[in-house]
Each structure stands twice: as structure tokens, then as C-alpha cells.
Amino acid sequence: MAAKTARTGKSSRAGSRPSDSLTAEQLTDMYTKMNHIRAFEEKVAYFFSRGMIHGTTHLYIGEEATAVGALAPLSDKDLITSTHRGHGHTISKGIDLNRMMAELLGRSNGYCKGKGGSMHIADLSRGNLGANGIVGGGIPIAVGAALTLKMRKQDQVVVSFFGDGALNEGSFHESVNLASVWDLPVVFVCEDNQYGMSMSRHKSINLDDLADRAKAYGIPGKTIDGQNVFEVYDAMVEAIDQAKKTGPVLLVSETYRYMGHSKSDANRYRTKEEINEWKKRDPIAILRAEILRRGTADEKTLDGIEAQTREDIEAAVRFAEEAGEPDVNDIINDVYA
Amino acid sequence: MAAKTARTGKSSRAGSRPSDSLTAEQLTDMYTKMNHIRAFEEKVAYFFSRGMIHGTTHLYIGEEATAVGALAPLSDKDLITSTHRGHGHTISKGIDLNRMMAELLGRSNGYCKGKGGSMHIADLSRGNLGANGIVGGGIPIAVGAALTLKMRKQDQVVVSFFGDGALNEGSFHESVNLASVWDLPVVFVCEDNQYGMSMSRHKSINLDDLADRAKAYGIPGKTIDGQNVFEVYDAMVEAIDQAKKTGPVLLVSETYRYMGHSKSDANRYRTKEEINEWKKRDPIAILRAEILRRGTADEKTLDGIEAQTREDIEAAVRFAEEAGEPDVNDIINDVYA
Amino acid sequence: MSSAKQKDGAATGVREITYAEAIREAMSEEMRKSDDVFLMGEDVGVYGGAFGVSVGMVDEFGEDRVRDTPISEAVIVGAATGAAVTGMRPIAEIQFSDFITIGMDQLVNQAAKIRYMFGGAANVPMVIRAPAGSGTGAAAQHSSSMEAWYTHVPGLKVVTPSSPYDAKGLLKSAIADPNPVVFLEQKLLYRVKGPVPEEEYTIPLSSSEVKREGDAVTVVTWGRMVNRCLEVADELSREGIEMEVVDPRTLMPLDEGPIVASAKKTGRVLIVHEAVQTGGYGGEIAARIADSEAFYYLDAPIKRLGALDVPVPYNPVLEANVVPTHEKITAAVRELVQ
Amino acid sequence: MSSAKQKDGAATGVREITYAEAIREAMSEEMRKSDDVFLMGEDVGVYGGAFGVSVGMVDEFGEDRVRDTPISEAVIVGAATGAAVTGMRPIAEIQFSDFITIGMDQLVNQAAKIRYMFGGAANVPMVIRAPAGSGTGAAAQHSSSMEAWYTHVPGLKVVTPSSPYDAKGLLKSAIADPNPVVFLEQKLLYRVKGPVPEEEYTIPLSSSEVKREGDAVTVVTWGRMVNRCLEVADELSREGIEMEVVDPRTLMPLDEGPIVASAKKTGRVLIVHEAVQTGGYGGEIAARIADSEAFYYLDAPIKRLGALDVPVPYNPVLEANVVPTHEKITAAVRELVQ
Ligand SMILES: Cc1ncc(C[n+]2csc(CCOP(=O)(O)OP(=O)(O)O)c2C)c(N)n1
Ligand SMILES: Cc1ncc(C[n+]2csc(CCOP(=O)(O)OP(=O)(O)O)c2C)c(N)n1
Ligand SMILES: [Mg+2]
Ligand SMILES: [Mg+2]
């Protein structure tokens, strides 16, 4: 079972790792972000269950360590492309939570003025090139962004997130190949949450280790334990370095989504046991335990952070609710620049 | 240089190989087919140089051993999909040369009644599902044909040809992946003639051995000397067997096109020396030498075969020229069945 | 108007089922009849399809004939093409019609053209089923209506059913058709019920239907907009304005006769579609009328009402106002008959 | 009619260059002006492009700015999109416009929609250049004219130049435009020469041009068909039939004014395009006229003449007869003015 494989991990534990020298402040920031993601998602799940949000949404709960671990080593100037399951990446990259919540609620003060919704939140000012409703759709865009960096000789990197299901789209293939032959600074991060909608990745891909996909492009590939934010962080520090020096890297982060694929999912394709098994290795709990072990914060502080993140989300909801619905006359704007 | 790699070959020479037991008749048939291809192509090249054929064409001269070696082990009921550079596959699979030539000349008695031309010749009665003007376009179709075989439990195989350039299309990726997870009986034959139009495969793909692409799909992959028809044959016998038993296989046949990519090619991207180097290992010469060594036919017989193939092509031209142009009123037919 | 009678089924005791159920029945019945027919697509198996259209089918037919595919639209369309050319009758579901773009080459350059390129030597009997349209809050990449594209590709047939009855009858014909058919389903109709007889029936492709007779104005419309236009018609009828509503049902090949006849009769034409107005199929309909004998009977300019020329926005109010609304249709009819 | 004057350039001493050269000049000039502009595509470097459009450019600009790509149309379009969103101004060549189908999702669901989905927070300044049209004997998968598709995608601009002068002036505007532009070149025009001034000039996108004045009939046409219609016009002029020929040059957004004005003036309209008639952009033009004030001035049905509804066949005689021929255009005009 994948959960078991992930548990053992694959990165070497010997010697000192970058994550060993994370400062107290950095650890607190990571803990805050993971809690922001979870609190945001739980709020969104609540709104959906009440029919208070329009459309559909794809929740990231359970996968928080990947986004936070992968993006912690980035600078503000580094870029990302995200997915339909993008809230985690967006919050990790830094975002105005108010405007993000407002967008989900379709308000005029949302990131996209209510035109985009959950699947199209972007924040170019913070290097977030956007979520994407098309599976695999953001990968070519990441490659193009990396081309800009290379042509302008900018010392930055692009991180492109996508799921295990996206590994089967032609866009993945063409993109990784191009990034490889052009030595572009991209880290491709595959979030293997074991399923593409209802399809087990064991049925959609004939590989034990998804990182073997990298072998087709002559680039490094590595599978990591996506529930452990430190392992993600360490792999990413190395990958960013490689990407800048020699070109693209593929990381496969083994993780799991606790919730259904989207709002309408009867979970017919997996068992309760499997879900519970994964929940035992909750990424927030793992980070919390390690912070306590290192002693950079105590229980009380961490509880305070958690409470604060919930409060931040409530504040974001208030911010959104204070704004009006977008003006119907605004429909026709923003097509052309 | 790729030519050197190919020269050493990669398949084991130890023990007896399927090609060791090719009968005199089979060898003669292979020799005939390779000469048919070459004679056909030389005629077509001549017509083009005189502006007597419309459109463009992609010549297979120099690559004959791949098509002939790959298709010799097939039964009539096995299927193929071909490419823009398809004359070799078409002749190897068995075709009415008259109607094939008539199609190139755009005649009403051509395979497609003059509607298809060089890039769209098909012969479903002989299992040829068609050439294709879209790079990588035939690969998904091959997979679909193999699905038919599997669903109907027919003990046949599909061979899908494509070039090194096609390895970079999303269609290749999606197709091989699907064939792999569904265990479909397809042999994917990549004809690595070193270039996709002007682009060296060393620039378009970051791999020394293109067969490594197979590793992304958990299927066997093997690179073979495409100038040596015996090596192609042997690899193919094994691959067909595997494909029927366990699912798809990727073969990469290292070969070279002597002529320009299509009729308008100034050959700016390669050197005369490189072309001449490859010509030293002409696939027809290699087969001829081996036939003589085995003694299954003598010089005179082989000369006679060669002369006969040229005569067959002249006869095909006469067949075509006797037919009229298609009727303009036929334009609107054949859109819907 | 044979099926207009059917529409009164409820009254005459015909059972009512949803549009999604009608589609499922059509597929299941054809799959029972022939082993050549099968369904493939993302999550069509145990999940039952993103909109539940194929729920339960895998239980009856097994995983071999109700095939879950990886997320690979190009090879979904292409494999269907290859299976069709070799004698099967695949039904390939693309989860949202927006994603057909990924299989566009296989659909347009392969499936549609194979027969012609081969001089008639091959058939490509396949159906691409895909849900179209906005209204679900899924925003710009999950809501488009691109039927016009496919009508511009010789070799394809294009079907846009507006009721459970039509969906079932047309899908059965599409499956039986020896050509590639793009069968565009309406997300917002999936749960709408309508009368569908238990007995076997089919509706020929390329058979426009007058959904409602009237003499004041001809409204040509399809897909989700048909019901909306019929509602407007009921309302305006109370004021004495009798709209004739014609649904082409199959856009390509188009059964032009009933449309031209109606335009000739009423002298006033409004074309309503959910797709973006510019470049939409409404242009084709308008052009056909403007170049038909009906031209000489027109008393007013031919009006089109399509979606605003923007991608579909997320906010529900914006989204609802992108497509022709009840109010806009009403206003357009009023303006025309003045 | 500013550029109609330019068309007499030969007489007034303006140099003549080919359509391909005009395109190359436009790209080279813009690349000299800004490092943000670059060209990418299959074989655009040392090979000079399949039609020789970029011959020599790699020598001036180097392999970094004239980038040969692998054969991967989806990522060609997508990488251009990503580069554009991050501030570059890519020109991506797709070797034949038929192959845009492979990059269709990236073009339609990404490049075109990004700005709107993000509520206006991003620009996507990119040009997709691609040769369209039949006449080269390359058959069904290398000869299509799909401009209508792109006009149906809000967010894209669509340009179809018919002369070297227009090609250069419009391409420079396309490169400067902050939006994704689909720039459809005509294979059969690449070697055709025309006057192009040495001085810098641009032609605004969305500026229809009356290529020839006349009062008997309005012919709206674009791309390769413009010259053919002008030839017919010269011929019929000898019989006293004066055709007015209007070339929209940019199909989306359309500069409708000159078209409607002309239709109003002549009262008779023929729309000619190389693309397949059904679902073609001729429908849009016809519909716009039929719903404009020109409607009241029409003396005859609006006629369309597009290609026959078939894929493009290989045989040269068949191929030539698929598209509107000189004879068919002449006959259509005669019929209209009778
Ligand atoms: C091109 C495309 N195909 C299908 C879909 C519908 N869809 C949305 S998410 C999804 C599953 C994606 O799986 P994966 O890439 O593993 O990401 P996950 O949802 O597991 O995070 C599917 C099939 C889509 N949005 N885009
Ligand atoms: C999708 C697509 N892109 C580009 C082309 C133009 N083109 C035709 S053949 C060719 C090169 C193909 O290279 P490869 O696959 O190696 O085959 P080869 O020609 O070398 O046999 C190109 C770029 C095409 N026909 N289809
Ligand atoms: Mg997944
Ligand atoms: Mg090649």
C-alpha cells in the first residue's frame, strides 16, 4: 500500500539536513500556514455543505505539508502554477486571505472580482500564476514562465504543482521534455494523493514509483513522504538548487486527500479504513510534534496559533460579506487588455 | 555519434536467433520489399524533381530495414498505423503497388480515389490503418485498434510506427500510458532517423538512449540497429510475443534518412559527411551481403529481383497514367458513410 | 411534431425520467444489443461519471465495457477512433465539453477526416458524449458551449438534445450512425424530467422539430435554451403573441426545411443560443435564412441572442446574466413583433 | 482607403517585397526594438521555417531568441502563454494552422481566458502565427482554414492579412497588442509580392478596409480570396458591374462599420471565404448584416460562398474546386446583380 511506502520515506536521514536549521520563526510560519490552509478549507467545506458557495471546490485537507514544505524555501520572487486543488499552494505562497475568501464567495473585492472563483485564484504580485481548472493545464505555463526567467537571466525558479492524474496528460509530457532540453529552472511537484478523482494511480499508471516518469526526460526524479513537511522541505531545497543549476527536477510527494474529490463524491472507489489509515499520519500533527520536540514553541503557543488562524478565516469571511455582489455591468469587462 | 552507436548494435548475438531460420523464400521476400520501397521512392523523387507530383512527400530511402524487418514477422491480420513517411510501411505490409502509385499521382483508381495522396494511404483489407499527416497522430489510433483486439479476444497485434520527433508529442505519452495500463497488444516502433525535420533528436530529447522513454510507463524498451534487417526482425519477434502476452513494448530503431525531410529541404542542419557516413551501412546492401553469405540466392537472382522491382514500379506508373483524373463531381462524396 | 405529442406523455400515462436517465437507458439498451458498443471515459465506472450519467452501468456490463480511463483526453478520443475504425462502436465520454480541446486533433484531424482521406474506404462509428453549458458555478474552463466549432468540421455530426425524450432517441441514432457524432449534453438538464416511453424508439439525426406552433415570430433555439424559450412563449401567449419554437436538435447536418418554412410563415426570426454570440451557430442559421426563399418574407431584421462575448464568470449573478435570460428573450421577441 | 493608395506603390516608387518577407520584417523590426519579443516554433531557426518565413533570423538574433522547439504544439502554445504572462512578448509559430488543434486547450482555455478569469489582473501579450489554407497539395490535415473557431473564443483576436502591406502592418500591431492574437497567414500568398514602404508603419487591429470601391454589390472577403475577388472585380468592371470589395483584415474584434455601410450602399452582399461554408465566419458576417440597418436596404438575399463541406482533397483538380473558384465567384456576383 502506498501509505506504507510513504511512511518509510526515501530521502537519506544521515547527516544534517536543511530542515535541521529552520529557525523558530520559520517553524512557526510553517505551522501557521498549515493551519490557515486547514481552517480555510474547513470553512469552505462548511459553506458548501450549506449551499452557501456556488459551484464546486476541491479540498486540500490532508495534503498541507506538500504545499507548505515545497514553498517554504522559495523567495517572494519565485513563481508557481497551481491546480484545481489550489488553496494550499495559494496560502503557502502568501496571499491576502481576505481577498481569497472574497473570491470564493464571488464578491467584487475578491482576487478576480468574482469572475474566477476557487479554480482561478491568482496573485501575480506574489508570483502565483494561478490555479487551473484544466488537469495539467498549468504545467506548460510554468515552463513558459521559466523561459522568461532564463531569457532574462533572473536567478529565480518556478514550481509547478499537479496531481498524480495529471501525469497522464500530454501537457505534462511535452512540458517536462521542453524544460529538460532547454534546461529551464522548474521544479515539477506531483502531488500523489493516490487518486485522480475516482481512479487509483495504480490503475492509471503502471509504475510503483511515480518518480520513474523522470527517467523519460533525463532529469532527476525523487519520491518523498508528503505528510512530513521536513522531508518535503529538504527535497525542495535540493531540487531548487538543481533546477537553477542544471534544469528541471521532478518531485513526487506521497500524500492523501481526506475529503471527497469535489463536493459530489460518494467515495465509492476507496474504503473508510484506507482514509483512516492515512489520517494517522496527519501532516499538521507531525509538524506540531516536531516543533514540540525541538522546543521552539510550546503547546500553548501552538494552540494560540491555531486559534488565531481560525479567527483570521472568520475575519476573511466578514471582509467578504461586507462587500457587495459584483455589478452586472462588470460582466463584459476584462476580456481584452 | 549515433551512427556509431547503431553500428555496434545492442541485441545479444549469442545463441540462435529467429532470423537464423528465415527461409530462402522469406529472405527473398524481404529483399524484394526493400527494393520495392527504394524503387518506389526513387520514382517518386524523380516525379517531384520534375514537378509531376502535387504536394509534398517524405521519402523513406535509407530506412527500409525498419519497415521490412518489423513487419516480416506479422500475419496478414495484424494491424499497423503509419506516418507521413509511410511508403515503406505500406509496401512492407503488403499493398497493391499499382493503386498506391495511382494515389500518389492523384488518380481515381488510387487507394483513396485521389483524395488522400502520399500522407493518407491506407489499406484496411491488409490491416494498414493508414499513413498520417499529423506527427504522432496515428499512435492513439493504434491503441484503439489494439483495444478492439483485446475486447474481441483476437490473437493479433498492432504495430504503431512514428519518428523520433513524435516522441515529444503528448499523443505519444497518453497512448503508451493507456496501452500500458490496459495491457494492450501494441508494439510501438520509433524510427529514430536522428532528426525531426531539422531538429536533431539530441536537441529535442535529453536522452542518450531513446528507449529509456519506456521506463516512464513500466514497459520494456529496446534500441536496435535499424540498418540491419535481421536485428530488427529478431527484436520484433520477441516484441510481438511480449505484446500479446503482457502488453506494449517500445522499440527504437536507429536509422537515417538519406534524402531531405520533404521536397523543400536545404539540409542546412546536417553535414554531407554525416550523410555519407550513414550510407556506408545501407540496409539493402547489408541484407544482400547476408543472403549471399547464407547462399540462399546468388548475385544473379538478386540482380534479377532488383530489376523486377523497378519494372513493377514502372508498371504501376503505367497503371496510374491509364486512369483518368477523378471526376470533379466526386469531391463531395465520402464525407459521411 | 410526432414527439410534441410525446411531450404530453405525463397526461397519457408515459413514465417520466430524467435527461441523465434517458441517456443511460439509450447506452444500456444499445450495449445489450451489441457487444461492439462500449463506454469509456474518466470516472465512468464505479464513480458513475461526473454527473452520474453512467451510475450502475459498470455493475451490469463490467469494467471491460464500462472503461475508466486515465486523464488523457487525446487518447480517449483517439482510441475511440481506432476502435471504431476496426469495427467497434465506442461511446467516449469527455468529462466536460471544454476538455475536448485536448483531444481536438484526434477528433478533427483524425476521426472526422479518416473516411474522406481514405476515399470512403473506412467508417468511424463513434460517439463523443460531453456535457456543455454554464450555470453550475464552475467558471470559465468548465462551462463553455462550443457546438459551433464542430459544425465547421465536415465529417462530424453534431447533436444537442433539449429533452429526455430527444436525448434518448437521438443518442440511439448516434450510436447506430456510421460516422463520428459529437453529442453535446446539457449539464443543467441532467436532472430535468420528461416523458420517455418504455418502448423502443429512435429519432433520426438531422430532424428539426417544431416544439411549439405560433405565427408571430420564429424562435430557433437548441439545448438548454429550448425550455426557456418555451416558458417565454407560454407567457407571451397570454398577451396574444404566439411564438413558434423550432429546435434543430441536430446542428450538423442541419434539417433546414422546418426552419425556413417557419421563417417564411412568421416573417420574423430570433435565434437564441447559450453559446457566445460572435462566431456562434446562430450566424449559420441566420445566414441560411437570409439566403433562402424566406428572405423575401422577412418583415424585420433577423435577430440573434447568444451569450455575451466573454468567458463564463464564476459569480452566480454574473453567470446567470451571461447567457440569454428570460427577460432578454422576452424583450427581443417583443421588439421583433412590434 | 489609406493603404489602397499604398497598393499603387509600385507606380510611386515603393519597393515590393513578398508576404513572407513582410512578415519577417515585422518580426525582425519588433525584435530589434525590444528584447521581450522572440520567436519560437518548430524549425524556425536554421531551417528558416517550413515556408521560409524566418530564414536568416537566427543569424541575426541567435538561438536564444529564435528558438527551435521539439514537435510539441501544446507546450509551444502553453509556454508562449506562460512567457507572456510573465512579461515577454512571444511569437509562437505553429507550422501549419491545422496543428493548433494540439495546442487548442492551451490557446482557448488558458491564453484566451486568463485575463478574464483573473479579473483583469494579467495580460497575455502573445502572437500565434500559423499558415492556413489549401492549394499546396498537402491534403486534409495540412490545408484547413479554421479562423471561424477562434472568433468564437472571447479573449482572442484573429487576424487574416491578404497582402504584404497588411501582413506587415497588422503583425506589428499584433506583437504590440497586450492580448493573445491568432495571426493566420496564407500559404499561397507567401511568395506573392506587393508594395511595402521602408518606413515604419502599423495598421490598427480591427480596421476593415475597402479594397476596391463599387456600387453594384458588396463582396466581403479575407485572406487568399481577396485577390481572387479583386480579379473578378476587374473583369466584371469591363461589363460595367462595379464590385465593392471589403476586407475585414481582423475578424475579431470585427470593425463592422465599413461592411454595413457598404451593404447599405449596394443593397447586395456576397461573402466569400476559403473556409468550409457551414459554420464559417461568413455566417457571422451575414448575421451581422441581416441584423443591421443595412437589412432595410437589401435588394437580394445575402449570399455566401465558402468551400464545399468536405475535408480538402489531394488531387489538384479536386483541391482547386473545393474553394470558391474564379468562376463560382463570378457566377455568384452575376446572379446577385441580376
Ligand atoms: C483536462 C481535464 N480533464 C478532466 C478534468 C476533470 N477533473 C478535475 S480534477 C480531476 C482529477 C485530477 O486528479 P489529480 O491530477 O490526481 O489531482 P487531484 O484531484 O487528485 O488533486 C479530474 C478528472 C479536468 N478538470 N481537466
Ligand atoms: C503535429 C504536427 N506537427 C508538425 C508537423 C510538421 N512535420 C511533419 S514531419 C515533421 C518531422 C517529424 O519528425 P519525426 O517524427 O522524427 O519523423 P521523420 O520525419 O523524421 O520520419 C514535422 C515537424 C506535422 N505534420 N504534424
Ligand atoms: Mg490525485
Ligand atoms: Mg525523425
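1. Some words on the overall build of chain C
- The helix and strand tally for chain C stands at 14 helices and 14 strands.
- Over its C-alpha atoms chain C spans a radius of gyration of 19 Å, differing by no more than 12% from the 20 Å that the globule rule assigns to 338 residues.
- Principal-axis analysis of the C-alpha atoms gives chain C an extent of 60 × 45 × 40 Å.
- For chain C, the proportion of its 338 residues judged to be buried stands at 74%.
- Residue pairs at least 24 apart in sequence account for 82% of intrachain contacts in chain C once pairs closer than 6 positions are excluded.
- For chain C, the exposed area adds up to about 9,000 Å²; of that, 48% sits on carbon and sulfur atoms.
- With 32 positive and 47 negative side-chain charges, chain C shows a spacing of 2 Å between the two charge centroids.

2. Here's the deal with the overall build of chain A
- Looking only at helices and strands, chain A has 12 helices and seven strands in total.
- Along the first, second and third principal axes, the C-alpha atoms of chain A reach 55 × 50 × 40 Å.
- Put simply, chain A shows about 11,500 Å² of open surface, and 48% of that area lies on carbon and sulfur atoms.
- Averaging the locations of the 41 positively and 47 negatively charged side chains of chain A gives two centres separated by 2 Å.

3. A word on the site of ligand 1
- In the neighbourhood of ligand 1, 22 residues make up the surrounding shell, with H84(A), R85(A), G133(A), G165(A) and E73(C) lying closest.
- For ligand 1, an oxygen atom lies 2.8 Å from a polar atom in the side chain of N193(A).
- Expressed as a share of its isolated accessible area of 570 Å², the protein-covered part of ligand 1 is 98%.
- Residues belonging to the shell around ligand 1 are distributed by class as follows: eight nonpolar, nine polar and five charged.

4. Details of the sheet that holds strand β10 (residues 217-221) of chain C
All names here are of chain C.
- Here five strands make up an open sheet; going across it, the order is β9-β11-β10-β13-β14 and the pairing mixed. Edge positions in the sheet fall to β9 (209-212) and β14 (303-307), since each of these pairs with one other strand and no more. The sheet shows a mean angle of 25 degrees between the axes of neighbouring strands, direction not considered.
- Alignment of β9 against strand β11 (residues 243-247), held across three bridges, turns out to be antiparallel. Bridge pairing links V210 to V246 in β11.
- Helix α11 (residues 257-266) contacts β10, β11 and β13 (269-276) of the sheet and is inclined by roughly 155 degrees relative to β10.

5. What about the packing of helix α2 (residues 24-49) of chain A against helix α11 (residues 283-294) of chain A?
Residue and element names in this part refer to chain A.
- Where α2 contacts α11, the two axes come as close as 10 Å, and the packing angle between them is 155 degrees. What the angle tells us is that α2 and α11 run roughly antiparallel. Note on packing geometry: the crossing formed by α2 with α11 is left-handed. For the pair formed by α2 and α11, the contact residues are L27, M30, Y31, M34, N35 and R38 on the first element and P283, I284, L287, R288, I291 and R294 on the second.
- The residue makeup of the contact of α2 with α11, split by class, is eight nonpolar, one polar and three charged.

6. Points about the coordination of the magnesium ion (ligand 4)
Residues and elements named next belong to chain B.
- Each protein donor to the magnesium ion (ligand 4) is listed here as D164 (OD), N193 (OD1) and Y195 (O); together their distances run 2.0 Å.
- Sequence positions of the residues that donate to the magnesium ion (ligand 4) give the spacing D-x28-N-x1-Y. Here D164 is found in the loop between β2 (158-163) and α7 (170-181), whereas its partner N193 is found in the loop between β3 (186-192) and β4 (195-196), with 29 residues between them in sequence. N193 carries the same exposure label as D164, and that label is buried.

7. Things to note about the packing of helix α6 (residues 139-151) of chain B against α7(B)
Residue and element names in this part refer to chain B.
- Following both chains from N to C, one finds α6 and α7 inclined at 15 degrees, their axes separated by 8 Å at the closest point. In this view, α6 runs roughly parallel relative to α7, as classed from their interaxial angle. Relative to α7, α6 is oriented so that their crossing is left-handed. Across the interface between the two elements, I139, P140 and V143 of α6 pack against S171, F172, S175, L178 and A179 of α7.
- Its residues assigned to classes, the contact of α6 with α7 shows six nonpolar, two polar and no charged.

8. Side note on the relation of the copies chain C and chain D
- In screw terms, the move from chain C to chain D is a rotation of 180 degrees and a rise of 0.0 Å along the axis, fitting with an RMSD of 0.0 Å. What the superposition gives is, in effect, a two-fold axis relating one chain to the other. Closest to the rotation axis within chain C is the C-alpha of G283(C), separated from it by 2.2 Å.
- Mapped onto chain D, 100% of the interface residues of chain C are again interface residues, and the two copies thus contact each other with one and the same surface.

9. Observations concerning the domain arrangement of chain C
Residues and elements named next belong to chain C.
- Under the domain assignment, chain C is made up of domain 1 (13-197) and domain 2 (209-337).
- The C-alpha-based centres of domain 1 and domain 2 are spaced at 26 Å.
- With 26 residues of domain 1 at the interface, the matching set in domain 2 holds 25 residues.
- The three residues of domain 1 that bury the most area against domain 2 are T151, T160 and S162, which together make up 23% of that side's buried surface.
- K211 is the salt-bridge partner of D166, the closest N and O atoms lying 2.6 Å from each other.
- Listing elements by their share of the side of domain 1 that touches domain 2, those giving two or more residues are α8 (147-151), β6 (157-159) and α9 (164-176).

10. Overview of helix α4 (residues 57-65) of chain C
- When we look at burial in α4(C), the residues that qualify are M57(C), V58(C), F61(C) and R65(C). Buried residues of α4(C), seen end-on, are gathered within an arc of 125 degrees and therefore sit on one face of the element. In α4(C), those exposed residues whose orientation departs by more than 90 degrees from the buried face are D59(C) and E63(C).
- Contacts from the buried residues of α4(C) go to α6 of chain B together with α3 (19-33), β2 (37-41) and β3 (66-68) of chain C.

11. A look at the interface of chain B and chain A
- The interface of chain B with chain A comprises 21 residues on the first partner and 21 residues on the second.
- Interface area for chain B against chain A, summed over the two sides, is near 1,700 Å², with a carbon-plus-sulfur share of 46%.
- The largest share of the area that chain B buries against chain A comes from H173(B), N206(B) and A216(B), three residues that together contribute 31% of it.
- Inspection of the region where chain B meets chain A yields zero salt bridges.
- Every element with two or more residues in the side of chain B that touches chain A is listed here: α7 and α8 (201-204) of chain B.
- Per element, the largest residue contribution to the side of chain B that touches chain A is seven residues, and it comes from α7(B).
- Classifying every residue of the side of chain B that touches chain A gives seven nonpolar, eight polar and six charged.

12. Some points on the pairing of strand β3 (residues 186-192) of chain A
Residues and elements named next belong to chain A.
- Of all the seven residues making up β3, seven are buried; the element is thus mostly covered by neighbouring parts of the structure.
- Residues V186, F188, C190 and D192 line one face of β3 and the alternating positions V187, V189 and E191 line the opposite face, and both faces are buried.
- As defined by bridge partners, strand β2 (residues 158-163) adjoins β3 across six bridges and the pair is classed as parallel. Bridge pairing in β3 links F162 to C190.
- Each parallel crossover has a hand, and the one from β2 via helix α7 (residues 170-181) to β3 is right-handed.

13. Re the side chain of H36(B)
- You can see H36(B) is positioned in helix α2 (residues 24-49).
- Excluding its chain neighbours within four sequence positions, the residues that come into contact with H36(B) are I91(B), L97(B), T309(B), D312(B) and I313(B).

14. Some points on the side chain of K172(C)
- Summarising the element assignment, K172(C) is placed in helix α9.
- Among residues more than four places away in sequence, those in contact with K172(C) are A26(C), E29(C), E30(C), K33(C), E200(C), Y201(C) and T202(C).

Conventions adopted
For every chain, the first residue of the written sequence is number 1, and numbering continues from 1 along that sequence. Chains and ligands are labelled sequentially in the order written, the chains with letters from A and the ligands with numbers from 1. In view of the model being predicted, local features appear only for residues whose pLDDT reaches at least 70, and side-chain atom pairs are presented and counted only at 80 or more, with totals across whole chains, interfaces and linings using the full set of residues. In computing side-chain properties, one takes all heavy atoms of the structure into account and sets aside hydrogens as well as water. Secondary structure elements are defined from DSSP: runs of H or I of at least 4 residues count as helices, runs of E of at least 2 residues count as strands, and each element is numbered from the N terminus. What the globule rule says is 2.2 Å times the number of residues to the power 0.38, and the radius of gyration is computed from C-alpha atoms. Partly exposed describes any residue whose relative accessible area lies between the buried limit of under 20% and the exposed limit of over 50%, with all areas from a 1.4 Å probe on protein chains only and scaled to the type maximum. Any pair of residues with heavy atoms lying within 4.5 Å of one another is described as a contacting pair. Note on areas: Shrake-Rupley with a 1.4 Å probe; residue coverage comes only from the protein chains shown. Positive: Lys, Arg. Negative: Asp, Glu. His and the chain ends are not part of the count. Note on charges: their place is set at NZ of Lys, CZ of Arg, CG of Asp or CD of Glu. Note on terminology: near, applied to a residue and a molecule or strand, indicates that one of the residue's heavy atoms is within 4 Å of it. A 3.5 Å cut-off defines polar contacts: any pair of N or O atoms within that distance qualifies, except that in protein one atom must be a possible hydrogen donor and the other a possible acceptor, and neighbouring residues in sequence count only when both atoms are side-chain atoms. Classification used: nonpolar for Ala, Val, Leu, Ile, Met, Phe, Trp, Tyr, Cys and Pro, charged for Asp, Glu, Lys and Arg, polar for all others including Gly. Paired strands, as defined in this entry, are two strands with at least two bridges between them according to DSSP. Whenever a helix is involved, its axis is fitted only over the stretch in contact; in every case the axis is a line through C-alpha atoms, and angles between N-to-C directions fall within 0 to 180 degrees. Between 65 and 115 degrees an angle is taken as roughly perpendicular, under 35 as roughly parallel, over 145 as roughly antiparallel, and anywhere else as oblique. When the near helix sits turned anticlockwise from the far one by under a right angle, the crossing is termed left-handed; a clockwise turn instead gives a right-handed crossing. Because water is not among the atoms used, a metal site may look incomplete, as its donors are only the N, O and S atoms within 2.8 Å, or 3.2 Å for Na, K and Ca. Copies overlap after least-squares fitting; the atoms used are the C-alpha atoms of residues with pLDDT of at least 70 in both. Residue ranges assigned to each domain were obtained from an automatic or database domain assignment. A simple way to read buried area is as the amount of 1.4 Å-probe accessible surface that goes missing from two parts once joined, with both sides added. Salt bridge criterion: a side-chain nitrogen from Lys or Arg within 4 Å of a carboxyl oxygen from Asp or Glu. This arc describes the spread of directions from the helix axis toward the C-beta atoms. For the handedness criterion, the strands are oriented away from the viewer, and a crossover whose path from the first strand over the helix to the second runs clockwise is classed as right-handed.

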